[in-house]
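Structural characterization, general
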Amino acid sequence: MAQKPSIPKGTRDFLPHEMVNRNYIFDTVRKVFQKYGYLPIETPAMENLSTLLGKYGDEGDKLLFKILNSGDYLRDVNDDVLTSRDSFKLMSEISEKGLRYDLTVPFARFVVQHQNEIVLPFKRYQIQPVWRADRPQKGRYREFFQCDVDVVGSNSLLNEVELIQIVDEVYKQLNIRVVLKFNNRKILSGIAEIIGVPDKIVDITVAIDKLDKIGIEKVNEELELKGISKEKIGKLQPIILLSGSNSDKIEQLKQILAQSIIGLRGIEEISAIILALKSLDIVIDVELDLTLARGLNYYTGAIFEVKAKDVEIGSITGGGRYDDLTGVFGLKDVSGVGISFGADRIYDVMNQLNLFPLQSEATTKVLFANFGEKEAFYCLKIMKEMRNCGINVELYPDSVKMKKQMNYADKKGIPFVVMIGENEMIESKISVKNMITGEQKLVCFDEFIDLVK
RNA sequence: GUGAAUGUAGCUCAGCUGGUUAGAGCGCUGGAUUGUGGUUCCAGAGGUCGCCGGUUCGAACCCGGUCUUUCACCCCA
């Protein structure tokens, strides 16, 4: 046997039945996005590396897929660089493009580039694949689809509220039980300010995040390991152990952060959001979680993350507010807030929980059996009329045994098979077999249309 | 990037302490049924046991390397 073909690590093919379900997810989020007034855009799969590099931290730079320059790309590289064995240096010489890592950074670039063609506040949605050179594992792929909704050019917290409504509606429609965890970067900054370690906020949140897994003592050990003094760890304890309802937590935080202006601003923001949500009948759980520290590279205000309650798979949606989204591309003071639905993880969740509605893969309603050239031409005329009536029909392309043609219809889930042989042609009738009941009838064209419609 | 596990027919897997010709179920092809699928019965095709090397009289099985897939950590959707 020939060498088996394969596809790159972390990528996947999708069979028709999988695509039916994937499209169900895409269609659902798209419809919800549109309901709230978002418009679609697309950006290229590849961006200039200068657009991508430095936006996701050192870790992110490593996970970028780089594209080799075309042609004889080594010709003009100077020998020092070639022999230096410095991948980073060489990379900038031989690669100037990369595959996009997310949809947010390309979107920021897009906004700057097309600022005169769009109206602010600009609400857009974007459903496209992104690529990360991560090591694949459960729920993690190297090529996956994100469904982003963002609004740029508005500071209003109503946008955050709207995004939460969207999350609520999407998961309500998909029938997935989720919890939306949120936090605010300003509160995290406030905490760091109070403790007196403004540069350690990432370490602190990462450590606190492990509370459930490893317990308070290990968390404190880890904090100490990160170079935070015992005294400061002591100050952190009430924050780590914060519990109760969202409003309980907010009350306690107000006390703790009383001396931090930025911290209090964060509290005001989340209080305003929670207040607005109260009157909106949000179904999903919304929970303030101080250990949420995702994407600290650019988030400045709200941070969101959604987890499925019934499947262990990491977050299926995430996002937040970035006050200076477009700043790196030269457009100052444009704030953005957005979230991203991870379609592939949502698929995995729904698949595991059997949440996909029964949808027929078959787009064909009627298969016309092929009895030979003469009969086939006769069928084509009938089929044309049916297609004009909006009925999906197909003719078996080869004049082979009935068994084979029936089998094809069965496997494809086609509900009706039409057989028109010599007798039917003479009588101007049609033999229709219902593949579900097994019942077969000899009828005239009008009856047939009624039967099949 | 770090640490583990895995790889046998198209698919899911069995294969004893190393022993001749590597098996099953499902699927596939053909037939029972030349105008009838999904059920049943009969027959058949299909494998350089991931790849390379080593140990051995002898390797699917033991050893080394390599690749693949999966899982955990880091990070993330």
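Residues numbered from 1 in each chain as written. Chains lettered and ligands numbered in written order. Predicted model: local features only at pLDDT ≥ 70, side-chain atom pairs only at ≥ 80, totals over all residues. Heavy atoms only, no water.

Backbone hydrogen bonds are what pair the strands of a sheet, in a parallel or an antiparallel way. As summarised here, the arrangement of the five strands in space is E13-E12-E14-E15-E16, forming an open sheet in which the pairing is mixed. Two strands lie at the open edges of the sheet, namely strand E13 (393-395) and strand E16 (440-443), each paired on one side alone. Ignoring which end each strand starts from, the neighbouring axes of this sheet average 25 degrees apart. Relative to E16, strand E15 (residues 430-434) runs antiparallel, the two being bridged by four bridges. By the bridge assignment for E16, Lys433 is matched with Gln440. (Pairing = 2+ DSSP bridges. Helix = DSSP H or I, 4+ residues; strand = E, 2+ residues; numbered from the N terminus. Axes fitted to C-alpha atoms, helices over the stretch in contact; angles between N-to-C directions.)

Note the cis peptide between Leu120 and Pro121, where omega equals -5 degrees. The phi angle at Asp281 is positive, at roughly 55 degrees, despite the residue not being glycine. In this structure, Asp281 sits in the loop between helix H13 (261-278) and strand E8 (285-288).

On to the confidence of the model for chain A. Residues shown with low pLDDT carry predicted positions that ought not to be read at fine detail. The predicted model of chain A has a mean per-residue pLDDT of 89, with 98% of residues at 70 or higher. Interface predicted TM-score (ipTM) for the complex: 0.84; the corresponding pTM is 0.90. (pLDDT = per-residue confidence, 0-100.)

Our next topic: the sheet that holds strand E9 (residues 302-308). With mixed pairing, the eight strands of this open sheet are ordered in space as E1-E5-E6-E11-E10-E9-E7-E8. The outermost strands of the open sheet, each flanked by one partner alone, are strand E1 (39-40) and E8. Where strand E10 (residues 315-322) and strand E11 (residues 336-342) come together, six bridges link them in antiparallel fashion. Bridge pairing links Gly318 to Ser340 in E11. Lying over the sheet, helix H1 (residues 16-35) contacts strand E5 (122-131), strand E6 (143-152) and E11, oriented at roughly 5 degrees with respect to E6. Packing of helix H14 (residues 343-352) onto the sheet brings it into contact with E6, E9, E10 and E11, and relative to E11 it is tilted by some 40 degrees. (Contact = heavy atoms within 4.5 Å.)

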